Structures are given as C-alpha cells and as structure tokens.
Amino acid sequence: MAPLVALPLAFSIVPKAGGSPNANHEQSIYIFTLVFAFIIFFGVEGILGYTLWRYRARKGAVADQIHGNTRLEIGWTLGAVALLAILAVFTFVKLGSIVDPAKSGTEGEQLAANNGTLYADLERPSPPSGKSLEINVVGRQYIWQYVYPGGVGKEKFAPTYAYEKMVVPTETTVILDVVSADVVHSWWVPELGGKVQAVPGYHNYTWFKISKPGVYHGQCANLCGRGHARMIATVEAVPVAQYETWLANQQRGLQEADAEAAKAREKLTSHAGAESVEHA
Ligand SMILES: [Cu+2]
C-alpha cells in the first residue's frame, strides 16, 4: 500500500523538463536514481517489517544467538558497490549532454552564424559547430534584463535589450551569459534546465535549445531582497523568422524611445524648453 501512495508523491517532485535537451537529461538521471532508491527503500523496509512480524516475541520462544554472517556481509557490501558504480556510470554518460550545448537546427544554425562572439572566453561553452545565439542575462533588483547581439542606432553601439520576457528562436542553441548588476540572483526556468547563479563580478553560463514554439516560466531562485517574489522570467520560443521580426521591432522601439528621450532632455536643458515646461 505504502508504495502506491509514495510513488506518485515522489514522482511529483521530479524536476520539470520538456523544454530543452539538457533539462530532459537531468530529469532522466533523477528518475533513474529515484527508481533504484525506491527498490532499495521498500526492499529493506519490507524485509524489516516481515522479520519483525515473523520473529516477534512469543511465550516460550528462545532467540537464536547469531554472530555475523560473512557471506551476507560480503554480499551487501558488493551490492552497494555495484549500485554506486551503476549510478556513477549512468550519470557520467549523461553529463556530457547536460553540460555541452547541442547543435542548432538548420535555420537556427544560419541565424547563429550571423551572430559573432564579442570577446573570447575560455569558460564559455560552445556547441559542436561553434555557432550559437548568445544572450546576456543581467539580474538586477528586481527584474531580468536580456541583452541581445546586434545594436541599435546608426553605429549599432547601443545594445538591443528586453526586460522580463526573453524571446528566442526555436531550433537554435542559445547560450546564456548570466551576470548580476547588484546582488546574487538565480536564473531558473525549470523546463529549460537547472539553476544558474547570477553573481556580481562573475560570468556564469548555461544553454538551452527549444524545438517547438512555446512559453516557459521561471522565477529568480535566490532570495535577493524585498521584491524577490516579483522577479519572474518568461522565455518565449518562436520560429526563426518571427524572432527576426521581433528583434527588428524591438530595435525600432528602442531607437524611437531613445530619440524621444533625447528630445525631452534637450527640452529640459535648453532655456526655452525650461520655460515651456514651467508654463505647461
Ligand atoms: Cu533576484
């Protein structure tokens, strides 16, 4: 009876997956380990329960005095060693596909090829083709900012960015370069893989590759201050062409906002502007 209740309970806490291959591999390691843990747990508890019942105290019964059992002791030692070896081998076999980014699909590959790396970094992971879309994730109290490759304006110096919702192309390996502008935050979109800390002064990396359009939700996973609970993150995967349109729109929007801000600044700093503000 107990396993019938405990099993679904245990599987309800299995890490989410389905968004990206690394998240799927992480989940399979978890389930693999969980299954072994269940077999051992219920095996041991079952034998214990049976023994307690079978050899319970009865009037007139005299307990056997047993001193050790070499075969049994060697058996459970070797059993534990074998189990650890199986878990270790399975984990190491999977580890590569979790840590190393996968290769983009055809369309994504084309998009990623047009996106040069800004500077060299030994720690930055790279997919087999060396081509990926890199997005800078900046944690700050209390919002996530995403800085995209490609700038705004004539000189393209001003970065293209978005807040809270990250739009990404499908079938494209996306490398996230996670940093923080203030305190330690934690980037976590469960269906797209594990947590990555955003630490001031450090660059941490993670990646994902989403095959179908969809929306994934996340939340800053490190208590970072009063507004921590509101520090949510959304990742929306759209087809490559749609992503390019979105990026162009975003750039145009930023450019327009910049122009408006410049105009307002000018108005405020010029004498005539100051007066008109006063009389407004
Ligand atoms: Cu935070």
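In case you missed it, the structure is sitting above this.
Asker: Describe the overall build of the protein, listing the residues and the values that go with them.
Answerer: Across its full length, the protein holds 6 helices and 10 strands. Along the first, second and third principal axes, the C-alpha atoms of the protein reach 110 × 45 × 30 Å. Relative to its 280 residues, the protein shows a buried fraction of 31%. Sequence separation of 24 or more characterises 66% of the internal contacts of the protein that already satisfy a separation of 6 or more. Carbon and sulfur atoms make up 62% of the accessible area of the protein, which totals about 17500 Å².

Asker: Talk me through the packing of aromatic side chains; I want residue IDs and the actual numbers.
Answerer: The full count for this structure, using the stated rule, is 11 aromatic pairs. A centroid spacing of 5.1 Å and a plane angle of 85 degrees characterise the contact between Phe41 and Phe42, whose relative ring orientation is edge-to-face. Phe41 gets classed as partly exposed once you look at its relative accessible area, which sits at 48%. Counting every residue linked through ring pairs, the aromatic cluster contains Phe32, Phe36 and Phe90. Its guanidinium or amino end placed over the ring of Tyr55, Arg54 lies 5.1 Å from that ring's centre, counting from NZ or CZ. It is Lys195 that lies over the ring of Trp188; its NZ or CZ is 4.5 Å from the centre.

Asker: Tell me about unusual backbone geometry, residues and numbers included.
Answerer: Cis peptide bonds are those with omega within 30 degrees of zero, and the linkage from Gln141 to Tyr142 qualifies with 0 degrees. The topology assignment puts Tyr142 in the loop between β1 (133-140) and β2 (143-152). The backbone phi angle of Glu164 is positive, close to 65 degrees, even though this residue is not glycine. In this fold, Glu164 is placed in the loop between β3 (158-163) and β4 (165-169). Positive phi, close to 55 degrees, is recorded for Glu171, a residue that is not glycine. With respect to the element layout, Glu171 can be found in the loop between β4 and β5 (173-180).

Asker: Give me the nonpolar core: which residues, what numbers.
Answerer: Of all hydrophobic cores here, the largest spans 33 residues; its most connected members are Tyr146, Tyr148, Met166, Trp187 and Val235. Where this core is concerned, the elements lending two or more residues are β1, β2, β4, β5, β7 (196-198), β10 (232-238) and α5 (240-269). Every residue in contact with Met166, bar those within four places of it in the chain, is listed here: Ile135, Val137, Tyr146, Tyr148, Leu176, Trp187, Phe208, Thr234, Val235 and Glu236.

Asker: If you had to explain the coordination of the copper ion to someone new, which residues and values would you point to?
Answerer: The protein atoms donating to the copper ion are His185 (ND1), Cys220 (SG), Cys224 (SG) and Met231 (SD), with metal-donor distances spanning 2.0 to 2.6 Å. With 4 donor atoms in place around the copper ion and angles of 92 to 123 degrees between them, the coordination shape is tetrahedral. As a motif over one chain, the donors of the copper ion read H-x34-C-x3-C-x6-M. Residue His185 is found in strand β6 (residues 185-187), and its partner Cys224 is found in the loop between β9 (214-219) and β10; the two are separated by 39 residues along the sequence.

Asker: So what's going on with the environment of Asn136? Which residues, and what values?
Answerer: Looking at the secondary structure, you find Asn136 in strand β1. For the pair Asn136 and His203, spaced 67 residues apart in sequence, the C-alpha to C-alpha distance is 9.6 Å. Beyond its immediate stretch of four places on either side in the chain, Asn136 contacts Gln145, Tyr146, Val147, Asp177 and Val179. A polar atom in the side chain of Asn136 sits 3.3 Å from the backbone oxygen of Asp177.

Criteria and cut-off values
Residues numbered from 1 in each chain as written. Predicted model: local features only at pLDDT ≥ 70, side-chain atom pairs only at ≥ 80, totals over all residues. Heavy atoms only, no water. Helix = DSSP H or I, 4+ residues; strand = E, 2+ residues; numbered from the N terminus. Buried < 20%, exposed > 50% of the residue type's maximum accessible area, 1.4 Å probe, protein only. Contact = heavy atoms within 4.5 Å. Areas by Shrake-Rupley, 256 points an atom, 1.4 Å probe, with all protein chains shown as cover. Phe/Tyr/Trp six-rings, centres within 6.5 Å; stacked < 30°, edge-to-face > 60°. Lys NZ or Arg CZ within 6 Å of the ring centre and 35° of its normal. Core = buried A, V, L, I, M, F, W, Y, C linked by side-chain atoms within 4.5 Å. Donors = N, O, S within 2.8 Å, 3.2 Å for Na, K, Ca; no water. Tetrahedral: all angles 85-135°; square planar, octahedral: opposite > 155°, others 65-115°. Polar contact = N/O pair within 3.5 Å; in protein donor to acceptor, adjacent residues only side chain to side chain.

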